[in-house]
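One-letter residues, chain by chain:
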Amino acid sequence: MTSTPPQTPTPVLELSGIVKEYPGSPPLRILHGLDLTIEAGELLAVVGPSGSGKSTLLALLGSLDRPTSGRLRFEGRDVSNLSDAELAALRAHRIGFVFQQFFLLSGLTTVENVATGLLYSGAGLSERRARAAAALRSVGLGHRLDHHPDQLSGGEKQRVAIARALVGRPALLLADEPTGALDSVSGTAVVDLLRTLNADGTTVVVITHDRELAASFPRRIGIHDGRIDFDERAPQPTGAGL
Ligand SMILES: Nc1ncnc2c1ncn2[C@@H]1O[C@H](COP(=O)(O)OP(=O)(O)OP(=O)(O)O)[C@@H](O)[C@H]1O
Ligand SMILES: [Mg+2]
């Protein structure tokens, strides 16, 4: 029998020297050369003052936007040479997004909203609807399949948005203040859902202003003026490691 050395898993994201500027004279530099590695299976919070660059960073992590300079690898692949269509395909297949404002389509039912998350999957209509219904059941909304967004509470809308983000089984879920518009009970339900997804193997990155929530996560990254201010991990439980 041959023994193979243990493989180091490929990180989900590797950023090196990431700079983001918006055009202007002079250009407005928002991110100042970030280095960051996110491993598969992590659950991490991004915290920092308003205007520090958190949403800008999240857009880059999810390839919704391109850096001005620097290198970003997604699952080992340098994304800088990918075309817009290739980036769209990468997002559709590997990444889910959840935002503070739920961005549901008001003319569609919940099951139709969630099924939009599978438009680029190649699945047919009936399969898309069946998978959307299953995703809605998994977020506790199996009894609201035919409601329209304006017939749902805030917490329910956010759970629909999460169902839409997870229905394609993304490797990475990016959430920008997902509890920002919710009361504390609904917010807790949404956070519990994110934790469950993470426990099932999804890498989850959450921007939050909620200090208590951030403190409960295994890793916290602080952004200040477009730089990484701190990157801290929860202490290992006693007895673990050396
Ligand atoms: N399209 C744009 N053009 C020019 N400047 C922009 C653009 N988008 C964002 N900015 C600026 O970039 C900075 C960072 O914005 P960003 O949205 O990343 O902040 P944030 O940390 O998410 O803040 P908040 O906590 O308020 O959501 C801000 O000063 C903002 O004004
Ligand atoms: Mg923001």
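Residues numbered from 1 in each chain as written. Chains lettered and ligands numbered in written order. Predicted model: local features only at pLDDT ≥ 70, side-chain atom pairs only at ≥ 80, totals over all residues. Heavy atoms only, no water.

## Examining the site of ligand 1
- Within the structure, ligand 1 sits among 13 residues, and Ser50, Gly51, Lys54, Ser55 and Thr56 are positioned closest to it.
- Residue Tyr22 places a side-chain N or O atom 3.5 Å away from a nitrogen atom belonging to ligand 1.
- Here an oxygen atom of ligand 1 and a backbone polar atom of Gly51 are 2.8 Å apart.
- When ligand 1 sits alone it has 650 Å² of accessible area, and the protein chains cover 58% of it.
- Taken together, the elements giving at least two residues each to the shell around ligand 1 come down to strand E2 (28–38) and helix H1 (54–61). (Near = heavy atom within 4 Å. Polar contact = N/O pair within 3.5 Å; in protein donor to acceptor, adjacent residues only side chain to side chain. Areas by Shrake-Rupley, 256 points an atom, 1.4 Å probe, with all protein chains shown as cover. Helix = DSSP H or I, 4+ residues; strand = E, 2+ residues; numbered from the N terminus.)

## Topic: the sheet that holds strand E4 (residues 69–74)
- As summarised here, the arrangement of the four strands in space is E2-E1-E4-E5, forming an open sheet in which the pairing is antiparallel. At either end of the open sheet lies a strand with only one pairing partner, and these are E2 and strand E5 (77–78).
- Strand direction decides the pairing type here: strand E1 (residues 13–22) and E2, joined by eight bridges, are antiparallel. Note that in E2 the partner of Lys20 across the bridge is Leu31.
- Along the sheet, H1 contacts E1, E2 and E4; its crossing angle with E1, the most-contacted strand, is approximately 125°. (Pairing = 2+ DSSP bridges. Contact = heavy atoms within 4.5 Å. Axes fitted to C-alpha atoms, helices over the stretch in contact; angles between N-to-C directions.)

## Describing unusual backbone geometry
- Residue Pro26 is bonded to the preceding Ser25 through a cis peptide linkage, with omega at 0°.
- Of note, Phe103 is a non-glycine position whose phi angle comes to about 55°, a positive value.
- You can see Phe103 is positioned in the loop between strand E6 (95–99) and helix H3 (110–115).
- The class for Phe103 is exposed, based on a relative accessible area of 56%. (Buried < 20%, exposed > 50% of the residue type's maximum accessible area, 1.4 Å probe, protein only.)

## Observations regarding the nonpolar core
- Of all hydrophobic cores here, the largest spans 38 residues; its most connected members are Val114, Leu136, Val139, Val160, Ile162 and Leu173.
- Residue assignment for this core shows that the elements contributing at least two residues are strand E3 (43–47), H3, helix H4 (125–138), helix H5 (154–166), strand E7 (172–176), helix H6 (184–199), strand E8 (203–207) and helix H7 (211–215). (Core = buried A, V, L, I, M, F, W, Y, C linked by side-chain atoms within 4.5 Å.)

## A closer look at the sheet that holds strand E9 (residues 219–224)
- Reading across from one edge, E6-E7-E8-E3-E9-E10 is the order of the six strands in this open sheet, with mixed pairing throughout. Here the strands that pair on one side only, and so sit at the sheet edges, are E6 and strand E10 (227–233). Direction aside, the axes of adjacent strands within the sheet are offset by 15° on average.
- Taken strand by strand, H5 contacts E6 and E7, and its axis lies near 165° from that of E6.
- Along the sheet face, H6 touches E3, E7 and E8 and points at about 150° away from the line of E8.

## Re the packing of aromatic side chains
- This structure, assessed with the given rule, holds two aromatic pairs.
- Pairing Phe97 with Phe99 gives two aromatic rings, centres 6.1 Å apart and planes at 5°, and the pair type is stacked.
- A relative accessible area of 26% means that Phe99 is categorised as partly exposed.
- Relative to Phe103, the ring of Phe99 has its centre 5.7 Å away and its plane inclined at 75°; by these criteria the two rings are edge-to-face.
- Taken together through their ring pairs, the aromatic side chains of Phe97, Phe99 and Phe103 make up a single cluster. (Phe/Tyr/Trp six-rings, centres within 6.5 Å; stacked < 30°, edge-to-face > 60°.)

## Digging into the pairing of E8
- Within E8, five of the five residues are buried, leaving the element largely enclosed by the surrounding structure.
- Pairing of E3 with E8 involves four bridges; the strand directions are parallel. Among the inter-strand pairings, Val46 is bridged to a residue of E8, identified as Ile207.
- One ladder, built from five bridges, connects E7 with E8; its direction is parallel. Paired with Leu173 across the two strands is Val204, which belongs to E8.

Honestly, that's just the spatial picture; any functional story needs more than this.
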